Structure formats: C-alpha cells, structure tokens
Amino acid sequence: MFAYIMRRLLMLIPVLIGMTLITFSIVHLIPGNPAQVILGETANQTAIDDLEESMGLNEPYIVQYGIYVSDLVQGDLGTSLRSKSEISSEIWPYIAATFELTIFAMIFAIIIGVNAGIISAWKQNSWFDFLAMLFALVGVSMPIFWLALMEQWIFAQELGWLPAYGRQDSRDPIAPITHFYVLDALIHLDFPRALTVLKHLILPSIALGTIPMAIIARMTRSSMLEVMKSDYIRTVRAKGSGQFLIIYKHALKNAIIPVLTVIGLQTGVLLGGAILTETIFSWPGIGRYVYEAINYRDYPVIQSGILVIAFIFVIINLIVDILYTRIDPRIKY
Amino acid sequence: MEIKEKDKQSEQQLPNPAKAGQQFDTDEIEAISPWKDTLKQLRKNRFAIAGLVIIVFFIILGILAPLVTSYTYDEQSLVDRLLPPSAEHWLGTDHLGRDIFTRIAYGARVSLQVGFFAVTGALVFGTLLGIIAGYFGRWVDMVISRIFDILLAFPSILLAIAIVAILGASLQNALIAIAVINIPIFGRLVRSKVISLREEEYIMAAKAQGMKNGRIIFRHILPNSVAPIIVQATLGFGTAILEAAALGFLGLGVQPPTPEWGQMLADSRDFIQIAPWTLIIPGVSIMLVVLGFNLIGDGLRDALDPKMKN
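It should be emphasised that the depicted structure is a prediction, and the values quoted were computed from it without experimental measurement.

Calculation rules
- Residues numbered from 1 in each chain as written.
- Chains lettered and ligands numbered in written order.
- Predicted model: local features only at pLDDT ≥ 70, side-chain atom pairs only at ≥ 80, totals over all residues.
- Heavy atoms only, no water.
- 1 Å grid on protein atoms, 1.4 Å probe; cavity = no way out; pocket = protein on both sides within 12 Å on 5 of 7 lines; lining within 4 Å.
- Points joined across faces, edges and corners; volume = space filled by probe spheres on them.
- Helix = DSSP H or I, 4+ residues; strand = E, 2+ residues; numbered from the N terminus.
- Nonpolar A, V, L, I, M, F, W, Y, C, P; charged D, E, K, R; others polar.
- Buried < 20%, exposed > 50% of the residue type's maximum accessible area, 1.4 Å probe, protein only.
- Salt bridge = Lys/Arg side-chain N within 4 Å of Asp/Glu carboxyl O.
- Contact = heavy atoms within 4.5 Å.
- Buried area = accessible area lost by both parts, 1.4 Å probe.
- Axes fitted to C-alpha atoms, helices over the stretch in contact; angles between N-to-C directions.
- Parallel < 35°, antiparallel > 145°, perpendicular 65-115°, else oblique.
- Patch = residues over 30% accessible without salt bridge, like charges linked within 9 Å, V, L, I, M, F, W, Y side chains within 5 Å.
- Areas by Shrake-Rupley, 256 points an atom, 1.4 Å probe, with all protein chains shown as cover.
- Lys, Arg positive; Asp, Glu negative; His and termini not counted.
- Charge placed at Lys NZ, Arg CZ, Asp CG, Glu CD.
- Phe/Tyr/Trp six-rings, centres within 6.5 Å; stacked < 30°, edge-to-face > 60°.
- UniProt positions renumbered as here; feature names shortened; annotations may be inferred.
- Polar contact = N/O pair within 3.5 Å; in protein donor to acceptor, adjacent residues only side chain to side chain.

J.: Any chance you could explain the layout of surface pockets here in plain terms?
T.: Empty space left among the atoms is revealed by rolling a probe the size of a water molecule over them. All names here are of chain A. In this structure, the second largest pocket spans a volume of roughly 620 Å³. Only helix 1 (2-28), helix 3 (45-55), helix 4 (61-73) and helix 14 (299-327) provide two or more residues apiece to the lining of the second largest pocket. It is helix 4 that provides the largest number of residues to the lining of the second largest pocket, a total of 5 residues. Taken together, the residues of the lining of the second largest pocket break down into 11 nonpolar, 9 polar and 5 charged.

J.: What should I look at first to understand the environment of B:Ile150 in this one?
T.: All names here are of chain B. Within the fold, isoleucine 150 resides in helix 8 (residues 138-152). Isoleucine 150 gets classed as buried once you look at its relative accessible area, which sits at 15%. Distance from isoleucine 150 to proline 184, taken between C-alpha atoms, is 9.2 Å for residues 34 residues apart in sequence.

J.: It is not clear to me how the pattern of salt bridges should be interpreted in this structure. Could you clarify?
T.: A side chain of one charge can pair with a side chain of the opposite charge if their charged atoms are brought near each other. The full count for this structure, using the stated rule, is 13 salt bridges over all chains. When the shortest N-O distance is used, the salt bridge between A:Arg167 and A:Glu100 registers 2.7 Å. Residue A:Arg167 is located in the loop between helix 8 (144-158) and helix 9 (181-187), and its partner A:Glu100 is located in helix 6 (residues 92-122); the two are separated by 67 residues in the primary sequence. With respect to burial, A:Arg167 and A:Glu100 carry one shared label: buried. Here B:Asp94 makes a salt bridge to B:Arg98, at a shortest N to O gap of 3.0 Å. Residue B:Asp94 is classed as buried on the basis of its relative accessible area of 5%. Connected via shared salt-bridge partners are A:Arg218, B:Asp298 and B:Arg301.

J.: How should the interface of chain A and chain B be read in this particular structure?
T.: A common measure of how large an interface is: the accessible area buried when the components associate. On the chain B side, the residues contacting the 44 residues of chain A number 40 residues. Regarding the contact of chain A and chain B, the summed buried area is about 3,600 Å², with carbon and sulfur atoms giving 80% of it. By the criterion of area lost to chain B, the three top residues of chain A are A:Ser141, A:Phe145 and A:Trp146, representing 15% of everything that side buries. Between chain A and chain B we count 1 salt bridge in total.

J.: What is the right way to look at the packing of helix 5 (residues 46-63) of chain B against helix 7 (residues 100-136) of chain B in this model?
T.: Two quantities define a packed helix pair, namely the angle between the axes and the distance from one axis to the other. Residues and elements named next belong to chain B. For the pair helix 5 and helix 7, the least separation of the axes is 8 Å and the interaxial angle reads 110 degrees. By the angle between their axes, helix 5 is roughly perpendicular relative to helix 7. Of helix 7, the residues touching helix 5 (which contributes Phe58, Ile59, Leu61, Gly62 and Ile63) are Phe101, Ile104, Ala105, Ala108, Arg109 and Leu112.

J.: Looking at this structure, I do not really get the side chain of A:Ser80. What am I missing?
T.: Residue and element names in this part refer to chain A. By the element assignment, serine 80 lies in the loop between helix 4 and helix 5 (87-90). By relative accessible area, serine 80 is classed as buried at 3%. Setting aside anything within four residues of it in sequence, one finds serine 80 in contact with Ser85, Ile87, Glu90, Asp298 and Val301.

J.: Explanation requested: empty space enclosed by the protein in the structure shown.
T.: All names here are of chain B. On inspection of all chains with the given rule, the structure shows 3 cavities of 30 Å³ or more. In this model, the largest cavity occupies a volume close to 60 Å³. Lining the largest cavity are Asp94, His95, Arg98, Ile100, Arg103, Met264, Asp267, Ser268, Thr278 and Pro282. Listing elements by their share of the lining of the largest cavity, those giving two or more residues are helix 7, helix 13 (261-268) and helix 14 (277-304).

J.: Help me understand the environment of A:Val314 in this model?
T.: Within the secondary structure, A:Val314 sits in helix 14. Beyond its immediate chain neighbours, meaning those up to four positions away, A:Val314 contacts A:Leu12, A:Val15, A:Met19 and B:Ala153.

J.: Help me understand a negative patch on the surface in this model?
T.: A cluster of acidic side chains, namely A:Asp49, A:Asp50, A:Glu53 and A:Glu59, defines a negative patch on the protein surface. Along the chain, A:Glu59 falls in the loop between helix 3 and helix 4.

J.: When you look at the packing of aromatic side chains in this model, what are you seeing that I'm missing?
T.: For any pair of aromatic rings, the description rests on two quantities: the centre-to-centre distance and the angle between the ring planes. Applying the stated criterion across every chain, the model contains 14 aromatic pairs over all chains. Ring centres of A:Phe24 and A:Tyr68 lie 5.8 Å apart, and the angle between their planes is 40 degrees; on these two criteria the pair is classed as tilted. Linking A:Phe24 in helix 1 with A:Tyr68 in helix 4, this pair joins segments that are 44 residues apart in sequence. For the pair shown, A:Phe24 and A:Tyr68 are each scored as buried. Considering the side-chain rings of B:Phe237 and B:Phe293, the 4.2 Å spacing of their centres and the 10 degrees angle between planes classify their relative orientation as stacked. Taken together, the residues B:Phe237 in helix 12 (residues 213-249) and B:Phe293 in helix 14 connect sequence positions 56 residues apart. Each member of the aromatic cluster is reached from another via a ring pair, and the members are A:Phe24, A:Tyr65 and A:Tyr68.

J.: Looking at this model, I keep getting lost on the UniProt feature "transmembrane region" (unreviewed entry) in chain B. Mind explaining?
T.: All names here are of chain B. According to UniProt, the "transmembrane region" (unreviewed entry) feature falls on residues 47-68, 114-136, 148-168, 174-190, 229-254 and 274-297. Between the C-alpha atoms that bound residues 114-136 the distance is 32 Å, and the span itself is 100% helix and 0% strand. Along residues 229-254 one finds 81% helix and 0% strand; the C-alpha atoms at either end are 28 Å apart.

J.: Where do I start with the side chain of B:Asp99 in this structure?
T.: All names here are of chain B. Within the element layout of this structure, aspartate 99 appears in the loop between helix 6 (65-68) and helix 7. Put simply, aspartate 99 is tucked away with no salt bridge, and the nearest opposite charge, on arginine 103, sits 9.2 Å away. Within the structure, aspartate 99 has its side chain in polar contact with the side chain of threonine 102 (distance 2.4 Å). If sequence neighbours within four positions are ignored, aspartate 99 has contacts with Thr69, Tyr71, His89, Trp90, Gly92 and Thr93.

J.: Would you mind showing me how to read unusual backbone geometry here?
T.: Note on backbone geometry: most residues besides glycine have negative phi, and most peptide bonds are trans. Residues and elements named next belong to chain A. The residue lysine 84 is not glycine, and still its phi comes out positive at about 60 degrees. Residue placement: lysine 84 occurs in the loop between helix 4 and helix 5. A relative accessible area of 63% places lysine 84 in the exposed class.

J.: For this particular structure, what's the right way to read the UniProt feature "transmembrane region" (unreviewed entry) in chain A?
T.: Those places that UniProt annotates as "transmembrane region" (unreviewed entry) correspond, in this numbering, to residues 9-30, 91-118, 130-149, 201-220, 255-281 and 301-324 of chain A. Note that residues 255-281 of chain A is 96% helix and 0% strand, and that its end C-alpha atoms are spaced 36 Å apart.

J.: Quick question: what am I supposed to make of the UniProt feature "domain: ABC transmembrane type-1" (unreviewed entry) in chain A here?
T.: Those residues carrying the UniProt feature "domain: ABC transmembrane type-1" (unreviewed entry) are residues 95-324 of chain A in this numbering. Annotated as 81% helix and 0% strand, the span residues 95-324 of chain A places its first and last C-alpha atoms 26 Å apart.

J.: Which parts of the structure should I look at to understand a nonpolar patch on the surface?
T.: Residue and element names in this part refer to chain B. Together, Leu52, Val56, Ile59, Ile60, Ile63, Leu64, Leu67 and Val68 give the surface a local cluster of nonpolar side chains, amounting to about 690 Å² of exposed area. Elements supplying a minimum of two residues to the nonpolar patch: helix 5 and helix 6. For the nonpolar patch, the element with the most residues is helix 5, which contributes 5 residues. Looking at where isoleucine 59 falls in the secondary structure, it is placed in helix 5. Assessed through its relative accessible area of 38%, isoleucine 59 is described here as partly exposed.

Quick look at the structure:
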C-alpha cells in the first residue's frame, strides 16, 4: 500500500512539471510581446519596459521558467495586474466558493444518480427505467450553461422561488471564517442566513450536477444489472431475503466500485463545468475568477487560476486512486 | 504471404462464432462480414436510427442553409427585433432583428464543421501517438503516456480555455483547442488496444516473416483497433460540439457576425424574459445534435460488442 502511494506520488512529478510548462506558456507563447499584450495597444514604451523588467521578460526562457517554478514552490502565485494584490492571498475565498458549489452539486448527483440507477436496474424495462434512462441521455447531451439559463429563467425570474445570482444576500452578508458560507453561517448559529445560502446553492448545484448525475445513473444501472446476475445474489435470494435488502445490502456493495470510479472522474469534470456555471450565476468562484481575468487580460491570474484548478484536479484523482485500493481489496498494484 | 492472408481472414471471422452455434450452414457465415453484421445490428436499434435521423436532418439543414431561407445570417432589422415565431420568421428574431431560423441553419454548419475537424484531428494524432506508444513500448511509451497524463491533468474545458488564451479567440483556434484536449482520449484507447494486440500470434507471425513495422501497424494492428475508435469518434463528435458551444458562449470561439449556437445563447441572455425563444431554440439545437451523436455512438458500441449479441 505504502509503496503504491509512493509510486503514485512519483508519477505526479512529470505531470506537475508538464502542468507548469503549459501555464508558463500561456504568457510566453502569446504572439507578440507579452508586456504589450497585457498593457494594450496604446501603452507607452516606458510602461512596457517597466512591466518587462518586473515580470523578468528580458531573461532567457529557461531562466524565466526557473524563476516561475521556484516562486511557485515558495507559494508565490504572482500578483494580479487588476487588483494589484498577491494572488495567493486573495485566491482562497474563490476556491472555497467553488468547493462549496462542487460539493453540493456532487451530493445532488450522487443521491439522485445512484438511486435512479438502482431503481432502473431493479425495475428493468419498466416505464421508470425507460424515463430515467431517457432523462439521463438528455442530461449528458445538454449544454450545462443552457440548463443553467433555463433554470434561472423559470425558477428565479418567472416563478421567483429561488435567487438567480450570487452566493448570499449581498445586503446582508455573512462574516466569513472558512469562506464556506453554509459552514460559516452554522458556526455563527445563524440559521436564517444558512437557509439563504442554501437557497442560493440550489440552482447552480443542479445545473452543475446534472451531467454527473446522468452519467452516475447510467453507470449504476449497468453495474447493478451485472451484479444482480451473479451467483451470490441468487444465494441471498434463495435464503429468502427481501428484494430491498438484497439490493441495498448485498448487491450495491459490489456494484458501487465502477460507480466510484465515475464519481471520482466526474468531480474533476465539475471543476471545469464550474467555469460556465459560475459565470451564469455570478458565483464568485475560481472559474469566474479565471474567466474575468481573461477579459481583463490579467495573465498572472489566468496562469495561477488554471494551475490551481489543475492541481486540485490532480489531487482529487490521486485520492480516488488510493481510495480504490481501500474499497476493493482485489485491486492490487 | 499466404499465412498472413489466412490469419487476416480468420481474424475477420472472429466476431461470428456466436452465430456458428446456431443452425447456420458454413456458407452463410462466410457471407456476413463483421461490418455488415454491425450494420444489421445497428439497423435494429431504434434509438440509433433516431440519432441518425437527427444528424442527417442537421447536416442537410446546414448544407441547404442558403436555399431554405430568404434571409442572410447577418441581416439586421431593428424594427423587427425580438419577434416571436411567425410565418415570416419561423423561429422568431433576435435582439438585432436577425432571423433565428437562418442563424440556426448556418450555425449547424459551424457546429458540425467544428465537430468534424476537431474529432478528425484528435483521432489522427491520438491514434498515431497511441499506436507508437503501444507498439514500441519502453521509453517511447513512457514519454507519450506522460504527455497524455499531463493533458488529462486539466479539466478538458479549462485546457481548451488555456489554449485559446494563448492562441487568441477565433473559430480556428477553438477547433485546435478542442482537438488537442481530445488527443489523449483517443491515444489511451488505441494504446491499450495495441498492447493487447501486440502479443497476438498473427502479429508474431508477421514479424517472423520479416515484415516491416510500418506494414504490421497499418495492415494488421490498425484494422483490428478500428471498432473502439469509431465508437469514441462518434461520441467525441457530440462532446466536441458541446465544448465548442461552451467556448462560443464564453466568447472564446467564433467571432461575430458568424452565427454559432453557443454564442447565440450568450447574446440572448439578457432577453430571456421578453423573448424566451431566443434562448430555447439554440439550446435545443445543441442538445438535439449532441443527443443524436450519443444515440448513434451508444448503438455502435452495442452493435460492435460481441457480448451484446444475445
């Protein structure tokens, strides 16, 4: 086990180097002079020279890359050109906002997806099965930003049930501690605010969670169908156990392994989808942070934002891989 | 040479033994090639047919765009802005008074083109890299696999955004970005298939005859890896269109006035309450096309999977 984790960590090194090479290129491969691009067409020569100097753009690439990596290792993610503050000190609230959204989206996707998949397998070829699988198929084919816009229109603007934008009531903000607002509100024992925050989470979580939900439902169904055919299930059935017990106690344990793989993979996909969802719901997460940086040509933020998301993605994949060995002792590396 | 030919034949018959158990005489088995068999399976799949109908509809719509409408996609008429669907404007007009049906038809061209070129690019480079990695193994495999790992270390849409941020926002660059993020998907698929094929006896026989690597790869390995590639390409078509729409929505794809479905959604955002059709129609179009490719892809996978034949 330990050896496997070590090997898995060693394999991360080339991946991390590659990642930094790509984010490094974002600034250095843009056609033309990066300082000129950042400052715009009308910038005067002194400003360009100053920026080149401060960004170290006059050094050879290899030296620049060396400086970039050594800064990163020391936790220096650069300085935002727009806010003029250190990215490493301003990025946490954005990450927390994205995490909170991702966690709720995943909870939604897992609860609905796994159960829909189980019931579909249980009542194979019933109308429920047919509808659930049709819905799942439509779910994976839908652009999530479109779903988000539709939700916003129907549930926020037409029906007025749920808020359309943001994480909380901006006139009545929460004093942040962890920047996970649900958690913060609960720490303050402020239940009305916790409720407001939860209401803000519903629409974006559903928009973000729909694709994973559909994929999880399909995976659970096929995996359950396979397990339900196995001998030990027949034995349990012969023993006289009820259908509910057979499914949730015996079959699910084995059927869930491939589903967990999918859940792990989808968590990463959510981080990408968060960019679109956050843009639409004005959710102040890291996806929106990067997206706005693109509009302002705030290259240090684009670089570090993308790097941070990719880093989180890699860590999630690592955790998922290690978890497999715990869940399924048959998997040996 | 004869040995090779025989091997090839027996290989082609492999998907059929399931049938041999039933009462077919041998002549009939010879007559069914695996591709014809797949086609037969596919024709029985109503979902796949539905998918095909959807895709063919949009392809025809895209090709005939100038003929099916009397408007041009960039013709603005501010008097006619945000009109609901009518006999004059079948799907209504947008905030600049442009005919939405016309823009959807021309948008179909853009989306299908992006899908086609991005998937082709990803398929060609991914397959090539996958074959090289799987066939030669050792350090070549090491290097190529790590490159795949790195590309897969980014959530795909994020990598696409990064690439467009480097190259600049345009249709061509969006296309390149989508192709690049899909390369490792094809690459890994082909690599694992090649590794399993490499140990087959007929490949060893080909090597023993002194056949050159290139010939082994293109005549023997590639034809036998085709099935999963086709399935992935079909499903990838849908994903590529979704990714292109996402880039378009973020303003990182096609630049105006060329109509692109994702961008149409972004343009109409502010008018959802007064003119919901401006948002519903492009969204449904994207969904239908992607659904179409997913249905065909699922159907193909089932048809090509020998386990599903019963």
